[in-house]
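Per-entry structural report
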Amino acid sequence: MSVPYETTAYEPAESPESPEEHLARLLGRALNSFELPDEALRRLDCALAHDSSLHSAHHSAGLHRETYRHTWLLADGCALTLWELVHNTAPGSEPQHEVYVDEEELRAATARLPLPSDAPDFELPVLVQLSPVPGPRHVYVPDDSADHARRLLRRAENPDRPDAEMSALLKSAFAHQITQAFGRPCRAGRIGLGYALYEHAFLLSDGREVSLWEVEHTATPDGRHMCEVYASEAAARDAMERRAEQVSRAVQ
């Protein structure tokens, strides 16, 4: 009897095992890991998260086989899947592990197993489609991004800048993108004060995206250039409105 299993959505594994450790353990037990394409292994070097699930199983006359789907989320927002076949049909009945990059190879390997004649043909039934893995919101550039975050927070002069917890979180950043933010006009611009708002978006090693919002402005008593950093766009814009209001009152 075949028992299909299917996950309903892709989620990073909650296991303390990292994507690299999970891949190493899978390849270490697979008898045919040396046959995997080098390109697939190179892509998995940038994996951010992983998920594993039992896909189907067959148990009959003391013999069994199971198939597992192992999926990794990559830094470019794509997903890569390896299929693992586990069975005890070899002499000695010791569990054997094999790994394949696509379903056709998996079907062919399963068809070669000496399972009883009443075993049904191997199929991969799709009960529920996997939810698509969302791509990153930004086009990130791998760089010394953790140091960029540290320098950005260090030059921020506002007392309510992001706290030490945010600084610790950004130590795992490995790519970032800087874009100028536009949108609703700020009062600082309407009264002739120079200002600009930038989003510094960071991609963390666990796949999360975190942004810091930098305001550069001259809304100071002496017109000096000043940098402020906030954890959200709303907080940055509200701070500029308040500062512009203070300057406006001071010149009246």
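Above this text sits the structure in question.
Residues numbered from 1 in each chain as written. Predicted model: local features only at pLDDT ≥ 70, side-chain atom pairs only at ≥ 80, totals over all residues. Heavy atoms only, no water.

1. A short note on helix H3 (residues 103-111)
The following threshold applies: Under the scheme applied here, a residue whose accessible area is under 20% of the maximum for its type counts as buried, over 50% as exposed, and between as partly exposed, the area being computed with a 1.4 Å probe on protein chains only. Counting from the N terminus, the helices are the DSSP runs of H or I reaching at least four residues and the strands are the DSSP runs of E reaching at least two. As used here, the arc belongs to the directions running from the helix axis to the C-beta atoms. The contact criterion used is simple: two residues touch if any of their non-hydrogen atoms lie within 4.5 Å. We call two N or O atoms a polar contact when they sit within 3.5 Å, provided that within protein one can donate a hydrogen and the other can accept it, with sequence-adjacent residues counted only if both atoms are side-chain atoms.
The complete set of buried residues in H3 reads Leu-106, Ala-109 and Thr-110. Along the axis of H3, the buried positions cluster into a sector of 100°, meaning they face one direction only. Of the residues in H3, the exposed ones pointing more than 90 degrees away from the buried face are Glu-104 and Ala-111. Structurally, H3 contributes buried residues whose contacts are with strand S2 (63-74), strand S3 (79-87) and strand S4 (96-100). Of the residues that open H3, the one with a side-chain oxygen 3.2 Å from the backbone nitrogen of Glu-104 is Asp-102.

2. Here we look at the pattern of salt bridges
Note the threshold: Basic side-chain nitrogens of Lys or Arg form a salt bridge, by our definition, when they fall within 4 Å of a carboxyl oxygen of Asp or Glu.
Tallying each qualifying case throughout the model produces nine salt bridges. Here Glu-39 ties to Arg-42 by a salt bridge, and the two come within 3.0 Å at their closest N and O atoms. Placement of the pair is Glu-39 and Arg-42 together in helix H2 (residues 38-44), with a separation of three residues, close to one helical turn. Here Glu-39 falls in the partly exposed class, since its relative accessible area comes to 45%. Put simply, Glu-103, Glu-104 and Arg-107 are held in one network by salt bridges that share partners.

3. Considerations on the sheet that holds strand S8 (residues 209-217)
Rules: Whether two strands pair depends on DSSP finding at least two bridges between them.
Overall, antiparallel pairing links the five strands, which are arranged S5-S6-S7-S8-S9 in an open sheet. Two strands lie at the open edges of the sheet, namely strand S5 (141-142) and strand S9 (226-230), each paired on one side alone. Of the strand pairs in this sheet, strand S7 (residues 195-204) and S8 are connected by nine bridges, and their pairing is antiparallel. Among the inter-strand pairings, His-200 is bridged to a residue of S8, identified as Leu-212.

4. Some words on the pairing of strand S1 (residues 47-60)
Burial of S1 is extensive: eleven of the 14 residues sit out of reach of the surface. Here S1 runs beside S2; their pairing, made up of twelve bridges, is antiparallel. By the bridge assignment for S2, Asp-51 is matched with Thr-71.

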